[in-house]
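# Fold and geometry: a report
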There are 2 protein chains.
Amino acid sequence: MPQPCQLIDNLDDFRAKPMRRVKLDAIDTNADGGLDKDQARDALNDCRHKLSNLQELLYAQGTQALLVVFQAMDTAGKDSTIRKVFTGINPQGVNVHGFKGPSSNELAHDYLWRIHAATPQRGKIGVFNRSHYEDVLIVRVKDLAPSTVWRRRYEHINAFERMLSDEGTRVVKFYLHISKDYQKDRLQRRLDNPKKHWKFDPADLKERARWDGYMKAYEEVFMRCSTDIAPWYIVPAEKRWFRDLLVAQVLVQTLESMKPKYPKPTFDPAGIVVE
Amino acid sequence: MPQPCQLIDNLDDFRAKPMRRVKLDAIDTNADGGLDKDQARDALNDCRHKLSNLQELLYAQGTQALLVVFQAMDTAGKDSTIRKVFTGINPQGVNVHGFKGPSSNELAHDYLWRIHAATPQRGKIGVFNRSHYEDVLIVRVKDLAPSTVWRRRYEHINAFERMLSDEGTRVVKFYLHISKDYQKDRLQRRLDNPKKHWKFDPADLKERARWDGYMKAYEEVFMRCSTDIAPWYIVPAEKRWFRDLLVAQVLVQTLESMKPKYPKPTFDPAGIVVE
């Protein structure tokens, strides 16, 4: 029986609650919600169909936007989640923006400058592969700025996301949660498969060595920056079909709550003659 | 029998030849190449599959980009062609950029300024829904600048596209060709269908009244700006399945000629241990 885009019935359990402490190592990275893979695939197809329709309404309406943020440790599957969830949606309505290390010109501005410039215009879905959260993650873990600098950023970020929300851009954020062992396995696969060598960077091993620091930094992000208007979801990401479905369901739920609809015409269609 | 992405065997007949005069009203807008719709659908699926693989190679290689330009009269199907051809390709590798009337800030710069800023980064496919060609089309037809100004733009544009090509960005351009009668029918459909009212703008009728001027302006574009390195294709667009297949075949052919491939690793995969 085809499964609707509601198969995971406890979505809210995966949402980080505002100002609540999160212990990442107590959260199962391999969870599958007791679901069956084939059922999940059916449900994902239904979610994609719904996303596609909601995207068209959002575009037609042209007054609201959706910003989707992905963060994760290397190999957790940010690229592949984006591909699985958004492939099949009209590419005209979706813009994916990947953030790498900032350029010297970007560093010459405040850290939100390049982020703000990449936010989606009204009518569109913007997807961030990494984001402004790196400025309280890698910057903290690698000590790229003093704590007095990065500590005050949680408040900037909440204020920035509040402004986006007030002005019509809904924000929803996903952390793809994997274990350090899982990452080891995935990195080894990249080394073993010549078609995946291009995805491997020896520098990734240095980030891996800072695993515990990253977990602590992420935990603080979820506590301080998961808000009612711009929530963080912590997505068990080792069962990839569960990961994709959870993200897709949250996106459908979010877009439905935005109630996009066709705008009323500003002219009288019956009164127009095409010569 | 599944049809491969080679069903249209005379692609080059649709390419405008450099410095040759084009008579648009002598080109059939309703051509179907003698093909069958079901065969064409099969072939389009094969093209999309190939595009998807070529996009991944382009992304992995990261040294070349592809810029795809769409121009057409209203209702010719720019949006729908983009949706049909690019849906199914990893959205992370494709950026669609729509150009509307320039803002006052954009007008305060040269006309190529906003265009250049939107060109794809290496590794990506950029799609322009309208483009710098509006600056020798609508600008000419509506007399928004004197002819001394727009006349010299053909040379600017060729030099700009030459620079892009020399620096790794291939350019390919499509004009979706319809008749004035076909447009009448499509505009009427938009008026008759409440779900399409948002696509209708009464101002479109004023552009329609300038049809002949636009045809003349397009003909000059094809003569002056279809070059060996950045060709224009004139796509019969009333049979939509033929239109989609022709565009997809040209894109596959273009990407194949760019020979994207996985880069060689800059490290020795066998010498790395993941701890």
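Residue indices begin from 1 for each chain and proceed along its sequence in written order. Naming scheme: in the order in which they are written, chains are lettered from A and ligands are numbered from 1. Whole-chain, interface and lining totals are the exception, using all residues; otherwise, since this is a predicted model, local features are given only for residues with pLDDT of at least 70 and side-chain atom pairs are given and counted only at 80 or more. Heavy atoms throughout the structure, all of them, feed into the side-chain values; hydrogens and water do not.

Residue contacts follow a heavy-atom distance rule, with two residues in contact if any of their heavy atoms lie within 4.5 Å. Across the boundary between the two partners, chain A contributes 37 residues, which contact 37 residues of chain B. Once two parts are brought into contact, the accessible area they lose, counted with a 1.4 Å probe and summed over both, makes up the buried area. Roughly 3,500 Å² is buried in total at the junction of chain A and chain B, and carbon and sulfur atoms are behind 65% of that figure. Counting the surface chain A buries against chain B, the share from its top three residues, Gln92(A), Trp198(A) and Val274(A), is 20%. Just to be clear on terms, a salt bridge is a Lys or Arg side-chain nitrogen sitting within 4 Å of an Asp or Glu carboxyl oxygen. One can count zero salt bridges joining chain A with chain B. Polar contact is defined as a pair of N or O atoms within 3.5 Å, subject to the rule that within protein one atom must be able to donate a hydrogen and the other to accept it, and that residues adjacent in sequence are counted only when both atoms are side-chain atoms. Inspection of the region where chain A meets chain B yields four residue pairs in polar contact (both at pLDDT 80 or more).

Here we come to the environment of Lys84(A). Along the chain, Lys84(A) turns up in helix α2 (residues 78-86). In this structure the C-alpha to C-alpha distance between Lys84(A) and Ala248(A), which are 164 residues apart in sequence, comes to 9.3 Å. Only DSSP runs of H or I with at least four residues qualify as helices, and only runs of E with at least two residues qualify as strands; both kinds are numbered from the N terminus onward.

Residue and element names in this part refer to chain A. Only protein chains enter the accessibility calculation, which uses a 1.4 Å probe; a residue whose area is less than 20% of its type maximum is buried, one above 50% is exposed, and one in between is partly exposed. With respect to burial, strand β1 (residues 65-72) is a largely interior element, eight of its eight residues being buried. Neither face of β1 is open: one carries Ala65, Leu67, Val69 and Gln71, the other Leu66, Val68, Phe70 and Ala72, and all of them are buried. Relative to strand β4 (residues 169-177), β1 runs parallel, the two sharing eight bridges. Within β4, the position partnered with Val68 by the bridge is Val172. The rule for pairing is simple: two strands pair if DSSP sees at least two bridges between them. Where β1 and strand β3 (residues 125-129) come together, five bridges link them in parallel fashion. Bridge pairing in β3 links Val69 to Phe128.

Let us now look at unusual backbone geometry. You will see that Arg130(A), though not glycine, has its phi angle at about 70°, which is positive. Here Arg130(A) lies in the loop between β3 and α5 (138-141).

Residues and elements named next belong to chain B. Ordered in space as β2-β3-β1-β4-β5, the five strands form an open sheet in which the pairing is parallel. Strands with a single pairing partner mark the edges of an open sheet, and in this sheet they are β2 (94-98) and β5 (232-236). Each strand axis lies, on average, 20° off the axis of its neighbour in the sheet, ignoring direction. The angle between two axes is taken between their N-to-C directions and runs from 0 to 180 degrees, where each axis is a line fitted to C-alpha atoms and a helix contributes only its stretch in contact. Sheet strands in contact with helix α7 (residues 153-166) are β1 (65-72) and β4 (169-177), and its direction is about 130° off that of β4.

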